[in-house]
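Summary of structural features
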Amino acid sequence: MDAREADYAHFVRTRTTALLRSAYLLTGDQHLAEDLVQEALARTHRAWARLDRPENAEAYARKVMYHAQVSVWRRPRVAEILPADFQPDRRRGADDPADAAVERLVLRRALLTLSARQRAVIVLRFFEDHTEAEAAQLLGVSVSTVKTQTGRALDRLRTLLPDLRVLTEVPEGGR
C-alpha cells in the first residue's frame, strides 16, 4: 500500500463516524445515511489524488454529501404519512430518566416531518454551526433560500414542540 492509499485508509478509519452523524441528521434514516457516506467516501477516493492535502478530505467528503442530498430533493417524492400527535406523556414524574429519551424521540419524529431541504439547513446551521452564507454555498442555493427554509423549519418545530421552544429560538444578532 503506497502512502496515498495509507492516508486515505487512515481518513476513512478516523472520520467515518463523524460523517455518519452528519449524514444521519441530513437524511433522518440510518440506512440512507450509510448510503450517503458510502457514496461520499467513494467519490473522495476517486478524487484523492487531486486533493492538495489529506486535511482537505473531510471538507470534500462533506460537500459531496450535501450535494448528493440536494439531488435527492429534486427527485419526485412519495407521500409520507406520520402520526400527528408528538406530545410526550407529561403525567410521569419529572425526575424520570426516561423523559430525556422520550424528548429525543419526540424531537426526532418532529425533525422527520420537515422536508429534506429544511432538515439540511437545520443540520448545517445548528448542528454544524455554519453561517447562512456557508450553508448556502455548501448546498448550492441562495442565502435567502437558507433563511426561508430555516424560518419555516423553526416555525414547524415550534408548533410541534411548544415545550421545547427554548431549543428552537435564535438569539438576536445570532448567526
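The structure displayed is predicted, hence computed values, not measured ones.

Contact pair helix H1 (residues 3–27) / helix H3 (residues 57–73): the axes reach a minimum separation of 11 Å and the direction vectors enclose 30°. Relative to H3, the element H1 lies roughly parallel. Where H1 crosses over H3, the handedness of that crossing is right-handed. Counting all contacts with H1, which are made through Phe 11, Arg 15, Ala 18, Leu 19, Ser 22, Ala 23, Leu 26 and Thr 27, the residues of H3 involved are Ala 57, Glu 58, Ala 61, Arg 62, Met 65, Tyr 66 and Gln 69. Per-class residue counts for the contact of H1 with H3 are 9 nonpolar, 3 polar and 3 charged.

All right, on to the pattern of salt bridges then. Applying the stated criterion across every chain, the model contains 6 salt bridges. A salt bridge links Glu 132 to Arg 125, with the nearest nitrogen and oxygen atoms 4.0 Å apart. Note on Glu 132: relative accessible area 25%, which makes it partly exposed. What makes Arg 125 buried here is its relative accessible area of 5%. Here the salt bridges do not stand alone but share partners, grouping Arg 15, Glu 58, Arg 62 and Glu 128 into one network.

Bringing unusual backbone geometry into the picture now. At Asp 129, a residue that is not glycine, the phi angle is positive and equals roughly 60°. For Asp 129, the position within the fold is in the loop between helix H5 (116–127) and helix H6 (132–139).

Helix length check: helix H7 (residues 143–160) (18 residues) gives 26 Å between terminal C-alpha atoms against 26 Å at 1.5 Å per residue, within 8%. Regarding H7, the residues found buried are Val 146, Gln 149, Thr 150, Ala 153, Leu 154, Leu 157, Arg 158 and Leu 160. The buried residues of H7 all sit within an arc of 165° when viewed along its axis, so they share a single face.

Criteria and cut-off values
Residues numbered from 1 in each chain as written. Predicted model: local features only at pLDDT ≥ 70, side-chain atom pairs only at ≥ 80, totals over all residues. Heavy atoms only, no water. Axes fitted to C-alpha atoms, helices over the stretch in contact; angles between N-to-C directions. Helix = DSSP H or I, 4+ residues; strand = E, 2+ residues; numbered from the N terminus. Parallel < 35°, antiparallel > 145°, perpendicular 65-115°, else oblique. Left-handed = near helix turned anticlockwise from the far one by under 90°. Contact = heavy atoms within 4.5 Å. Nonpolar A, V, L, I, M, F, W, Y, C, P; charged D, E, K, R; others polar. Salt bridge = Lys/Arg side-chain N within 4 Å of Asp/Glu carboxyl O. Buried < 20%, exposed > 50% of the residue type's maximum accessible area, 1.4 Å probe, protein only. Expected span 1.5 Å × (residues − 1). Arc of directions from axis to C-beta.

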